Amino acid sequence: MPETGQQMNDSDSGKPRRINYLAALFPVVALIGLLVVNVIIYSDDATYGPNQIALLVSAAIAAGIGYFYRIPFTKMLNGVVNGISSAMGAILILLMIGSLAGTWMLSGVVPAMIYYGLDILSPQIFLVASCIICIIVSVATGSSWSTVATVGIALLGIGDALGISQAMTAGAIISGAYFGDKISPLSDTTNLAAAMAGCELITHIRYMLWTTVPSILIALGVFWYLGTSADPQVTVAQSEALADAIDARFHLSPLLFLVPAAVIAMVIFRVPALVALFFGTLLGGLFALIFQPDLVKEVAGSVDLGKTVADWPEGIRNATQFLAECYTGIVNALFGEIAVGPELTEAEAAAVANDDLSVLNTDQTARVLANDLLGASGMFGMMNTVWLVICAMSFGGVMEACGFLRRLSEPLVNLAKSDGSLVATTAGSCLFVNMTASDQYLAIVVPGRMFRETFEDRELAPENLSRTLEDSGTVTSALVPWNTCGAYHAGVLGVATLSYLPFCVFNYVSPVMTMLFAFVGIRIRRLKKG
C-alpha cells in the first residue's frame, strides 16, 4: 500500500499504521512551550538564539516520533533539505537587502529620503501616509518584501526622526505592503491562491476586494487615530536641527532617488527581485563614490598597502591607494556595520550612556538622533535572521515529511458544518501551517489542497476558497516570528515581530473580516447548477 501522511507500511507486519493525533501534536506543543519560556526569560532577545534552539529541539522531537512510526530517517532528512531549499531564495534576498541597506546608507539615498521626508510629512499624518505609500509601491511591484526593503526602510528612518514609535511605523509599513501585495496581479501569492482554488486571477482579485477594502479602511482609521493622539518625542525644532545635521554630513540631491526608482522599475517590469536588489546594491555603491567620496574614505579607514606599492611611481601608487580606499569603503558597507552619522562629543555620548537626552540642547539632541539613525549592518546584520529561517524550515520540513501537518489538519475538515465554519476552519488551517511549517506558500498550498473538494461539495464558487487562502495564509505569515516572512520583516526593519504585531492592523483584521462575511452570508458566491 502506498505510504501517505496518515499511514505507512509497518516493516514487521506489513499492515498500515495510523499516526496518533496526540503524537503528531506533541512537537507543536513542545515548540509553543519552549517559545513561551524564551519570551519570559529572554524577552525581545528571544529571536537571537533561544528561539532557534527551540525550533531545532522541536524538530528533533518530531524526528524522534517519526522514527517511532518507522518513517525512514532519509525521508525526514530530505524533508529538512527540501524545506531549507525552498527558503534559499528568501535567504539570498535577505543577504542582498543587508548589503543594499549598507550602500544606500553610505551613498546618501536613505539620508536623502529622511531629509526630504521631514519637510513633507508631519507626525499626525505620517502613519497613514506611510501605509498609503507602501500600498502604491506594493501594487506596482506585486511584492511586499521589495516594498519593505526599499521605501519601508526609508519610512522607518523618517518615523524615527519624527519621534514615532518604530513598532507603529513598522505596522503601518507592513499593513500597506500586504494590502498592495494581495490585490496586485503581479503578486506570486495572489496567483498561487487563485491557482490552488481553481479560480481565474482577475475574478479572485475582484472578489477579494469585498473583504480587503474594509480591512484596509479599518487599518487606516486606526493609524489616523494613533497619529493624531500620539505625543511625538521629537519637537519641530529638533526635526529641523536633525535635517540640518543630515545635510551637513551628506551631499544631498534629488538625483539620489534614481537608485530606488531604478529598483522599483525593475521589479515592476518583472525582473527577479534578487537581480533587482543586486543591481540596486551596486548602483548604491556607485552613487556613494559619486556623491559621498569623503564618507567612503572614512568608512574604509586606514588602508595600508605597505610594501606592495612602495616601489611604484608616485602617481600610480596614489591612484592605487585611492582605488583601494574606494573598494574597501564599499565592501565594508556591503558586509559589515558602518556608522556615518556625526561623531558625538563627550557630553553627547554621556547623555546617551545615561539614557537622558534632557541635558542636551536642541542641536546636540539632533546630533544624537542623527548618529542613531545613520548606520547600517550590511550582510552580516542579516545572519541571525538567516539562522532563524534555517531552523524554522528544519522544523517545518520534518513535520511535513512525517505527515504530521496533514494528520493535525484532518479533524478540522470534520468541524466545518456550515459555510461560516468552513471558512473559519480554512483560515485557522492557514494560520496553523504558518506557525508550524513557517512558510506562507505552504500556508496557501496545504489548506488549498485540503479544502478545495469540500468547497466544491458545498457548491461554493472557487473564489470563496481563494479569498480565504489569501486573507488568512498570506497576511498572517508576517505575524509569526519564526515564519520566513515574520523573520524577514523583523530583520529588514530591525523591529521584533512581537513588537510590531499589535500595529499590523490590516494583517489580523483580514482573516477576521473574511470569516465575518462567511458567517453573516455576505458575498458568498455559489456554483451555478447545471
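Above this text you will find the structure in question.
Residues numbered from 1 in each chain as written. Predicted model: local features only at pLDDT ≥ 70, side-chain atom pairs only at ≥ 80, totals over all residues. Heavy atoms only, no water.

Colleague: Please clarify how the overall build of the chain should be interpreted in this entry.
Modeller: The number of helices and strands found in the chain is 25 helices and 4 strands. Taking 24 Å as the expected radius of gyration for a compact globule of 530 residues, we find that the chain reaches 25 Å, a close match to that expectation. Along the three orthogonal principal directions, the C-alpha set of the chain runs to about 80 × 55 × 45 Å. Taking the intrachain contacts of the chain between residues at least 6 apart in sequence as the baseline, contacts between residues at least 24 apart amount to 81%. Only carbon and sulfur atoms are counted for the fraction: they give 64% of the accessible area of the chain, which is about 22,500 Å². (Helix = DSSP H or I, 4+ residues; strand = E, 2+ residues; numbered from the N terminus. Rg over C-alpha atoms; globule rule 2.2 N^0.38 Å. Contact = heavy atoms within 4.5 Å. Areas by Shrake-Rupley, 256 points an atom, 1.4 Å probe, with all protein chains shown as cover.)

Colleague: Hey, could you run me through the packing of helix H19 (residues 404-415) against helix H20 (residues 419-436) in this one?
Modeller: For any two helices packed against each other, one specifies the crossing angle of their axes together with the interaxial distance. One way to put it is that H19 packs onto H20 with a least axis distance of 9 Å and a crossing angle of 165°. Overall, the two elements H19 and H20 adopt an arrangement that is roughly antiparallel. Seen along the crossing, H19 lies across H20 with a hand that is right-handed. Along its contact with H19, which presents Leu405, Leu408, Leu412, Val413 and Leu415, the element H20 presents Ser421, Thr425, Ser429, Phe432 and Thr436. Of the residues assigned to the contact of H19 with H20, the class counts are 6 nonpolar, 4 polar and no charged. (Axes fitted to C-alpha atoms, helices over the stretch in contact; angles between N-to-C directions. Parallel < 35°, antiparallel > 145°, perpendicular 65-115°, else oblique. Left-handed = near helix turned anticlockwise from the far one by under 90°. Nonpolar A, V, L, I, M, F, W, Y, C, P; charged D, E, K, R; others polar.)

Colleague: Which parts of the structure should I look at to understand the packing of helix H22 (residues 462-476) against helix H25 (residues 505-520)?
Modeller: Running from N to C, H22 and H25 point in directions that differ by 160°, and their axes come no closer than 8 Å. When the axis of H22 is compared with that of H25, the two are roughly antiparallel. Between H22 and H25 lies a crossing of left-handed hand. Here Arg467, Thr468, Asp471, Ser472, Val475 and Thr476 of H22 lie close against H25, whose contacting residues are Phe506, Asn507, Ser510, Pro511, Thr514 and Phe517. Looking at the contact of H22 with H25 residue by residue, the classes come out as 4 nonpolar, 6 polar and 2 charged.

Colleague: What am I meant to see in the pattern of salt bridges here?
Modeller: Oppositely charged side chains can form a pair if their charged atoms are brought close together. Taken as a whole, this structure holds 5 salt bridges when the rule is applied. Asp471 is paired through a salt bridge with Lys182; the nearest N and O atoms lie 2.3 Å apart. Here Lys182 lies in helix H8 (residues 166-183) and Asp471 lies in helix H22, a separation of 289 residues in the sequence. For Asp471, a relative accessible area of 0% corresponds to the buried category. Judged by relative accessible area, which is 0%, Lys182 ranks as buried. Glu298 is the partner of Arg249 in a salt bridge, and the nearest nitrogen-oxygen pair spans 2.5 Å. Of this pair, Arg249 sits in helix H11 (residues 236-249) while Glu298 sits in helix H14 (residues 293-300); the two residues are 49 residues apart in sequence, bridging distant segments of the chain. Since its relative accessible area comes to 24%, Arg249 is described here as partly exposed. (Salt bridge = Lys/Arg side-chain N within 4 Å of Asp/Glu carboxyl O. Buried < 20%, exposed > 50% of the residue type's maximum accessible area, 1.4 Å probe, protein only.)

Colleague: Would you take a moment to explain the environment of Ala490 for this structure?
Modeller: Along the chain, Ala490 falls in helix H23 (residues 484-493). A relative accessible area of 18% places Ala490 in the buried class.

Colleague: Quick question: what am I supposed to make of unusual backbone geometry here?
Modeller: Across the chain, the bulk of peptide bonds are trans and the bulk of non-glycine residues have phi less than zero. Positive phi is not limited to glycine here, since Arg70 has a value of about 65°. One non-glycine residue, Glu459, lies in the positive phi region at around 60°. Here Glu459 lies in the loop between helix H21 (440-457) and H22.

Colleague: I tried to follow the nonpolar core on my own but got confused; where do I start?
Modeller: Looking at soluble globular proteins, one finds that nonpolar side chains tend to be buried together. With 158 residues, the main nonpolar core has Leu106, Phe223, Leu242 and Val340 as its most contacted residues. No other element matches the 12 residues that helix H4 (residues 88-107) contributes to this core. The contact partners of Leu242, leaving out residues within four places of it in the chain, are Leu118, Ala161, Ala366, Leu369, Ala370 and Leu373. (Core = buried A, V, L, I, M, F, W, Y, C linked by side-chain atoms within 4.5 Å.)

Colleague: What am I meant to see in the environment of Ala366 here?
Modeller: Relative to the assigned elements, Ala366 resides in helix H17 (residues 362-373). Between the C-alpha atoms of Ala366 and Ser239, which are 127 residues apart in sequence, the distance is 7.3 Å. Those residues in contact with Ala366, other than ones at most four positions away along the chain, are Gln238, Ala241 and Leu242.

Colleague: Where do I start with the packing of aromatic side chains in this structure?
Modeller: We describe a pair of aromatic rings using the distance from one ring centre to the other and the angle between the two ring planes. All told, the structure shown has 6 aromatic pairs when counted by the stated rule. The interplanar angle of 55° and the centroid separation of 5.7 Å between the aromatic rings of Tyr116 and Phe257 together place this pair among those described as tilted. In this pair, Tyr116 is assigned in helix H5 (residues 109-120) and Phe257 in the loop between H11 and helix H12 (258-268), connecting sequence segments 141 residues apart. Aromatic side chains Trp145 and Tyr488 sit 3.8 Å apart centroid to centroid with 10° between the ring planes, which places their arrangement in the stacked category. Here the residue Trp145 occupies a position in helix H7 (residues 144-162), and Tyr488 occupies one in helix H23, the gap between them amounting to 343 residues. An aromatic cluster of at least three residues, connected via ring pairs, comprises Tyr115, Tyr116 and Phe257. (Phe/Tyr/Trp six-rings, centres within 6.5 Å; stacked < 30°, edge-to-face > 60°.)

Colleague: I tried to follow a negative patch on the surface on my own but got confused; where do I start?
Modeller: A contiguous patch of negative charge, built from Asp119, Glu240, Asp244, Asp247 and Asp363, is present on the exposed surface. Considering the arrangement of structural elements, one finds Glu240 in helix H11. For Glu240, a relative accessible area of 51% puts it in the exposed group. (Patch = residues over 30% accessible without salt bridge, like charges linked within 9 Å, V, L, I, M, F, W, Y side chains within 5 Å. Lys, Arg positive; Asp, Glu negative; His and termini not counted. Charge placed at Lys NZ, Arg CZ, Asp CG, Glu CD.)

Colleague: I would appreciate a short explanation of a nonpolar patch on the surface in the present structure.
Modeller: On the surface, Ile32, Val36, Val37, Ile40, Ile41 and Tyr42 cluster together into a nonpolar patch covering about 580 Å² of accessible area. Mapped onto the elements of the fold, Val36 is located in helix H1 (residues 21-42). A residue is classified by how much of its surface remains accessible, and Val36, at 44% relative accessible area, is partly exposed.

Colleague: What exactly am I supposed to notice about helix H2 (residues 50-68) here?
Modeller: Each turn of an α-helix holds 3.6 residues, which means side chains three or four residues apart point in the same direction. The terminal C-alpha atoms of H2, which comprises 19 residues, lie 27 Å apart, in line with the 27 Å expected from a rise of 1.5 Å per residue. Residues of H2 that are buried: Pro50, Asn51, Gln52, Ala54, Leu55, Ser58, Ala59, Ala62, Ile65 and Gly66. Residues of H2 that are buried in the fold lie against H1, helix H3 (73-86), helix H18 (383-401) and H19. One or two steps after H2, the chain reaches Arg70, where phi turns positive at roughly 65°. (Expected span 1.5 Å × (residues − 1).)

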